[in-house]
Amino acid sequence: KLLEVNNYSVASTDDIAILKNLNLTINKGETHVLMGPNGAGKSTFGSSLLANPAYKTTHGHILFEDEDITALATDKRAKKGIFLSFQNPVEIPGISLYSFLRSAVKNSAVPLTNKQFREKLNSILTILDLKKEYLERDLNVGFSGGERKKVEMLQLLMLSPQLAILDETDSGLDVDAVNIMLKGINEFQQDKEKGMLIISHNMHILNKLNIDKVHILVKGNIIAEGGSELINEINEHGFSRFEIQVGDKN
Ligand code: ADP
Ligand code: MG
Ligand code: MG
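Predicted model only: the values in this text are computed from it and were never measured.

**Q** What is the right way to read helix α6 (residues 175–189) from this model?
**A** A turn of α-helix holds 3.6 residues, and therefore any two residues three or four places apart point the same way. With 15 residues, α6 should cover 21 Å at 1.5 Å per step; its first-to-last C-alpha distance of 21 Å lies within 8% of that length. Listed in full, the buried residues belonging to α6 are Ala177, Val178, Ile180, Met181, Leu182, Gly184, Ile185, Phe188 and Gln189. Along its buried surface, α6 packs onto β3 (31–35), α5 (145–159), β9 (163–167), β10 (195–199) and α7 (203–206).

**Q** Can you help me understand the packing of aromatic side chains in this one?
**A** The geometry of an aromatic ring pair comes down to the distance between the two centres and the angle between the two planes. Under the defined criterion, the tally for this structure stands at two aromatic pairs. When the centroid spacing of 5.6 Å and the interplanar angle of 85° are considered together, the rings of Tyr98 and Phe117 count as edge-to-face. Note that Tyr98 is positioned in helix α3 (residues 97–106) and Phe117 in helix α4 (residues 114–127), a separation of 19 residues in sequence. A cation sits over an aromatic face here: Arg102 above Phe117, 4.5 Å from the ring centre.

**Q** Would you take a moment to explain the environment of Thr70 for this structure?
**A** Tracing the chain through its elements places Thr70 in the loop between β5 (67–68) and α2 (74–79). Taking the C-alpha atoms as reference points, Thr70 and Tyr8, 62 residues apart in sequence, are found 9.7 Å from one another. A distance of 2.5 Å separates a polar atom in the side chain of Thr70 from a polar atom in the side chain of Asp68.

**Q** Honestly, the pattern of salt bridges in this entry has me stumped. Any pointers?
**A** Side chains bearing opposite charge may pair, as long as their charged atoms lie close to each other. Going through the model one piece at a time under the given rule, you end up with nine salt bridges. Here Lys56 and Asp15 are joined by a salt bridge, their closest N and O atoms 2.5 Å apart. One end of the pair, Lys56, is in strand β4 (residues 55–64); the other, Asp15, is in the loop between β1 (3–12) and β2 (17–26), with 41 residues separating them in the sequence. Classification of Lys56 as partly exposed rests on a relative accessible area of 32%. The exposure class of Asp15 is exposed, given its relative accessible area of 55%. One network of salt bridges, in which partners are shared, links Lys28, Glu65 and Glu193.

**Q** Sorry, what's going on with the site of ligand 1 here?
**A** Within the structure, ligand 1 sits among Ser12, Ile18, Pro37, Asn38, Gly39, Ala40, Gly41, Lys42, Ser43, Thr44 and Tyr55. Here an oxygen atom of ligand 1 sits 2.9 Å away from a polar atom, N or O, in the main chain of Gly41. Between ligand 1 and Ser43 there is a distance of 2.9 Å, counted from an oxygen atom to a backbone nitrogen or oxygen. The fraction of the free accessible surface of ligand 1 (570 Å²) that becomes covered by protein chains is 63%. The greatest single-element share of the shell around ligand 1, amounting to three residues, is contributed by helix α1 (residues 42–49). Along the lines of polarity and charge, the residues of the shell around ligand 1 split into four nonpolar, six polar and one charged.

Cut-offs and rules
- Residues numbered from 1 in each chain as written.
- Chains lettered and ligands numbered in written order.
- Predicted model: local features only at pLDDT ≥ 70, side-chain atom pairs only at ≥ 80, totals over all residues.
- Heavy atoms only, no water.
- Helix = DSSP H or I, 4+ residues; strand = E, 2+ residues; numbered from the N terminus.
- Expected span 1.5 Å × (residues − 1).
- Buried < 20%, exposed > 50% of the residue type's maximum accessible area, 1.4 Å probe, protein only.
- Contact = heavy atoms within 4.5 Å.
- Phe/Tyr/Trp six-rings, centres within 6.5 Å; stacked < 30°, edge-to-face > 60°.
- Lys NZ or Arg CZ within 6 Å of the ring centre and 35° of its normal.
- Polar contact = N/O pair within 3.5 Å; in protein donor to acceptor, adjacent residues only side chain to side chain.
- Salt bridge = Lys/Arg side-chain N within 4 Å of Asp/Glu carboxyl O.
- Near = heavy atom within 4 Å.
- Areas by Shrake-Rupley, 256 points an atom, 1.4 Å probe, with all protein chains shown as cover.
- Nonpolar A, V, L, I, M, F, W, Y, C, P; charged D, E, K, R; others polar.

Written out as structure tokens, the structure reads:
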């Protein structure tokens, strides 16, 4: 088991219940998808897995590689290999993409020597069809949507976390950027020791990925689970069936 979430409830710091008694297990080598209507709590779940201080655990536990991490702060969880992508990547003028990546990898669970770092970087640049010149540019400053996506995938593959959580990083992408994202995800999936949680409704992405399990979150409850057939059902019928099911019980 890579990630195990047990009877897990989360509230905002001002005590508004958001996630209710969630149970979810991601095994090594698995890719899971989390879907749900706007406001269901998907982003809250993703950021709670990294202990975002805007939220507090009100019940239950998170186990990561069989260790209880419920009480661990964000940096400790990140160091254990949990990665959360950002919906809106920050621009950092004055720091080149290269130095950003080098220091991020140095501070990761697997720091790499300079030589290992360069070799890995070169191979990933090739996979993502990224020019070396990008590395000299300031982090994300003036990058197009597609370039940001490439950089995000580059960051994911260089950091090589044990668990990658991608929170709707595919909204508003053009075809080229979607293909880059697919390449990055496919590459990440090669390592059967790792796992992924993808929050997405993008059919271009979801239809082309190997997906082990789909979880439907409605009003903070996981209301349905299944295989990739659930994705097509939601694409056709939306979430109404599930919303009726959860009703006003919360
Ligand atoms: P999703 O990602 O599924 O669209 P979110 O996780 O962003 O949903 O939000 C779930 C619900 O929790 C929403 O009703 C949102 O307004 C509320 N919420 C999220 N963050 C906070 C917060 N820090 N304080 C209070 N309410 C919040
Ligand atoms: Mg939302
Ligand atoms: Mg969200």
